[in-house]
Each structure stands twice: as structure tokens, then as C-alpha cells.
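# Observations on the three-dimensional arrangement
One letter stands for each residue in the lines below.
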Amino acid sequence: MSDAVKKYVDAATRKLAERDRYIRDEVKKWRFDTIAVHGTYSAQEAIEHNQGAIIEPMFLSSAQAYRDCDEMEAAQTYQIPTWAYTRIHNPSQGYLEDTLALLDGYGAGAETGGFVTASGMAAITAAIHPLLARKDGEKVNFVACAQVYGGTFQLFNVRRMQEEGVEVRWVSDPNNIDEWKSKIDKQTRFLYGELPSNPGLSFFDLKKVCDLAHEHGLPFIADSTVATPALLRPIQHGADIVIHSVTKTMTSGGLTIAGAVIARKPIVTNIPNDAMKADFATYCKQWPNRDSGASLSPLHAVLTLNELRTLRTRVDALCQSSMKVATFLEKHPKVAKVNYLGLDSHKLHGLAQKYMWLVDAKYDAQYGKDVNRYGHLMSFVPKGGVPAARTVMDGFKRIWRATDLGRIKSIATIPSISTHQQMGEEARSMAAVPPDLIRLSVGGEHPDDIINDLDQALSKVK
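The following paragraphs examine the structure supplied in this document. Predicted, not measured: the structure shown is a model, and the values here were computed from it.

## Some remarks on the packing of aromatic side chains
- Per the stated rule, a full pass over the model turns up 14 aromatic pairs.
- Judged by centre distance (6.1 Å) and plane angle (75 degrees), the rings of Phe 204 and Phe 220 are edge-to-face. In this pair, Phe 204 sits in the loop between strand 4 (188–194) and helix 9 (206–215) while Phe 220 sits in strand 5 (residues 220–223), placing the two residues 16 residues apart along the sequence.
- According to the relative accessible area criterion, Phe 204 is buried, its value standing at 0%.

## Description of helix 7 (residues 150–164)
- When we look at burial in helix 7, the residues that qualify are Gly 150, Gly 151, Thr 152, Phe 153, Gln 154, Leu 155, Phe 156, Asn 157, Val 158 and Arg 160.
- On its buried face, helix 7 is in contact with helix 6 (120–128), strand 2 (141–145), strand 3 (167–171), strand 4 and helix 17 (425–430).
- Gly 165, located one to two residues past helix 7, shows a positive phi value of around 80 degrees.

## Examining the sheet that holds strand 6 (residues 241–245)
- Taken together, the seven strands give an open sheet; going across it, the order is 1-7-6-5-4-2-3, and neighbouring strands pair in mixed fashion. Single-partner strands in this sheet number two, and they are strand 1 (111–117) and strand 3. Strand-to-strand twist of the sheet, defined as the mean angle between neighbouring strand axes without regard to direction, takes the value 20 degrees.
- Summarising the sheet, strand 2 and strand 4 pair through three bridges and their orientation is parallel. Within strand 4, the position partnered with Asn 141 by the bridge is Thr 188.
- Packing of helix 5 (residues 91–104) onto the sheet brings it into contact with strand 1, strand 6 and strand 7 (259–265), and relative to strand 1 it is tilted by some 135 degrees.
- Contacts from helix 9 reach strand 4 and strand 5, with the element oriented near 150 degrees to strand 5.

## Some thoughts on empty space enclosed by the protein
- Under the definition given, this model contains one cavity of 30 Å³ or more.
- In this structure, the largest cavity occupies an estimated 60 Å³ of space.
- Taken together, Arg 87, Ile 88, His 89, Gln 93, Glu 97, Phe 115, Val 116, Lys 285, Asn 289 and Ser 295 form the lining of the largest cavity.
- Put simply, the parts of the chain that give the lining of the largest cavity at least two residues each are helix 5 and strand 1.
- Partitioned by chemical class, the residues of the lining of the largest cavity number three nonpolar, four polar and three charged.

## Re the pattern of salt bridges
- Evaluated as defined, the whole model comprises 20 salt bridges.
- For Glu 97, the salt bridge identified is with Lys 285, shortest N-O distance 2.9 Å. In this pair, Glu 97 is assigned in helix 5 and Lys 285 in helix 11 (residues 280–286), connecting sequence segments 188 residues apart.
- Where Glu 138 meets Arg 189, a salt bridge forms, and the shortest distance between an N and an O atom there is 3.3 Å. Of this pair, Glu 138 sits in the loop between helix 6 and strand 2 while Arg 189 is found in strand 4, placing the two residues 51 residues apart along the sequence.
- Taken together, the shared-partner salt bridges connect Asp 33, Arg 312 and Asp 364 into one network.

What counts, and at which threshold
Residues numbered from 1 in each chain as written. Predicted model: local features only at pLDDT ≥ 70, side-chain atom pairs only at ≥ 80, totals over all residues. Heavy atoms only, no water. Phe/Tyr/Trp six-rings, centres within 6.5 Å; stacked < 30°, edge-to-face > 60°. Helix = DSSP H or I, 4+ residues; strand = E, 2+ residues; numbered from the N terminus. Buried < 20%, exposed > 50% of the residue type's maximum accessible area, 1.4 Å probe, protein only. Contact = heavy atoms within 4.5 Å. Pairing = 2+ DSSP bridges. Axes fitted to C-alpha atoms, helices over the stretch in contact; angles between N-to-C directions. 1 Å grid on protein atoms, 1.4 Å probe; cavity = no way out; pocket = protein on both sides within 12 Å on 5 of 7 lines; lining within 4 Å. Points joined across faces, edges and corners; volume = space filled by probe spheres on them. Nonpolar A, V, L, I, M, F, W, Y, C, P; charged D, E, K, R; others polar. Salt bridge = Lys/Arg side-chain N within 4 Å of Asp/Glu carboxyl O.

Written as C-alpha cells, this is what we have:
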């Protein structure tokens, strides 16, 4: 390293050390809501570098310039912090990544890092890709619970297994630890689960499955999109990598599409890649994700940051409304079944009760104690089969018919003809997605108005 390059590296080292001290001594001592509001963007940074802008700036430039060749060399060899080109990184993305990593790591006592992507599916792809790297002819596999989002099933079952020859071994009952265990061998690269699952609201004992993965030297990947860090932080229970479709509840306004991968430092893995093991998020961002180009736009990064600031209180309100709606549906004479983890009648209620808590409720003046919350997503089956389900769906006046979820507006869909349609009947059966199931994402409307719309739609069933 030349003296000129070393000058930049030494300056960057001092700057990073100062930033690390700020996060360690200040940010990590804050409560969840304060981290969500401020992230790592400080008043000092705003005044010194961004003309005092209180909100994180949006860097729309596609590329970064350098002072001279020496700084460029140091940056392009990752010896100093850089963003270079927005496909690789961007300061606006960085503010979001820092905030999400801190929120998912909250209370875990672990170091976390993260990177953001253009969608939730891009996040899943980016997370599994480096763990499935293989030499010519090498057979590898991974183990996943069958109760997953339809797009995830397609990615695993079609793109990876059918097209690329990477075997996915499906677990039909994720609460059967022996079934997980029976699928693992020396070629297994990771275990994967979604909880709560979309749309069946499946749940499993997260810590037990994480412990099993670690016994075999494997990482556990958790898709925690439905819960968000406001209700569940899988890293706290042993997960190595967490996936979010940030498009959903985190950005309930419905204006953005984004994904995120959050990882502990280090992850457990049997792959001999020290850099990936030590800091999975940074490794992915600097190398495989740089090449695949699934980057998030700076505009969507800042829009997402603004919505994150009220995540906990917003999720709490949605959960309370959902509980009221689920209770109504459970008692309705034209409803055969309701899947909502908050109901005592749900077979997995006790397990969800163990894991799903409104973060920091005991520090909240409103509660002053730990409080369970079960999310905003539910599903139900009207009496009368598929014709009845279609009648109810077509009868909604206030609830929107769409494939999205986690919106501030209530949305419903029939997964078998939409989000899970491509899976096929056999796979839907394995994933507990019957053809007459209606998925309901409860929004921010008054719950009485949601209930009234449900009631009038159900009244159309003869």
C-alpha cells in the first residue's frame, strides 16, 4: 500500500471507529422507538455534512466521485467506506440498512448487519445464493418448511430445484423436530422457515429449530415479514439470517417495494468462507449482490425510513383491530374456520404466545408490562366451499381485493387463485392452503367498519 493510499485508509479507520463508538455508546442504549425514529443519523452528521437536514438525505446520483486515484484505489478495494455506484451501495440505502439491522438485533445481545434489496423476493434470492455455491457436479440441498409464501415456494421448488438441481427438502410439519432432523445430511447448506406463515398462519418453535441447525453447523434463515421486529426478532432466539419483504407492514403506506436481509455476526455455516461467515451482510453486499444488481432505489430507501419511525405503535394498533375482527369471524355462523394466532382456539396459540410480544410494552406508559400481540394477518374459510369464498370476496365494499398485505388499507385475496396459484394443488395441500381460504390483512380503518363490511359480504352466502 502506498503512503498516499494509506492516508485515506487511516482517515477512514478513524472515522469508522468514531461511528462505531457512537452506535455502541449512544444508539444501542436507546429504546426500540428511538432507534426507529433516528437510526444512526445524528444531528452532528446532519450539520457537518448535510446542511442541517433533519431527515436523512436522498442521494439520487447514480455514482460517487473521488478526490484522486489514490482514494479511488482505496475505495474500489474496499479499504475505505464507499458507495461508488448505486447498484453496489448508496448512502440513502445505508441509513435504512443501519436502522433495520439495529431493530432486528434489538435485545439480542448480538452484532448485526444488513443490506436492502429491490423486493422481498430479491432479499430471499440474495440470502440463499451464496450459501448454495457449489463446485461442478456437487450435490447440495437445503431444508425448508412447506408453509411459505407462494413466491418463495416457486423460487425454491422451480428455480433452484427443477432448473438448477439444488434439492429442497420440504418439512410438512415444522413443529415436528424429528422431521427437520431427518432431512439433514452432509450436503445440507441451511434450514429455512417462515413465521407466522402467509397465508395459513403456521408457527413453530423457533429456538428448537435454530438449535438443531447449529448442532449440524448450519445457519437458520427466518422470514419474519408478517411479524416485523415490532413483534418478533428471530436473531434473539438463535436465527442467523432474517428476511423481510419490507414492502409489507414496514411500509404500510403502499408506495414502496423493498426487501432486507439482516444477519448476525458471525453466522453459523459449514461453508469454508471466512469473510462470509464473519459478516454475511457485508460480504453479500460487496460481492454477490454487487454482481446480481438487485439494489434498492434511494427514493424507496428514504420513503421506507420515514414509515419505519412509527412501526411499533402502528403494528400495535393493527394487532388490536385484528384481534377484534378475528373474534367476530370466529363467532359468525357462516364462517367454518378462522386462522389467527391470537385466538385461544388456534392450535398454535400457546406457541405463538411464547414468541410474539409487542416490543418494549413494559416501558410504555399505556401498558407497563409485557403484552402479547399476534399481527395483522389472518385467514378464514366461509361455509359453503369455493363458491361461498368467491361470493364473500366479490361482496366486499370497503375491503380491497388485491394480492398485497400489510397495508394501511384492509386487503383480502383468495391465495389459491392468486399468491399461491402457481404452486399447484398438491403443493398447496402440503402448505395448508385450501381453495376456499380467504386471506385478510387488517388495515388501519376502525375495526367496526371492517367488521361491518365482512358481515354484509358474508350475508350474501346462501
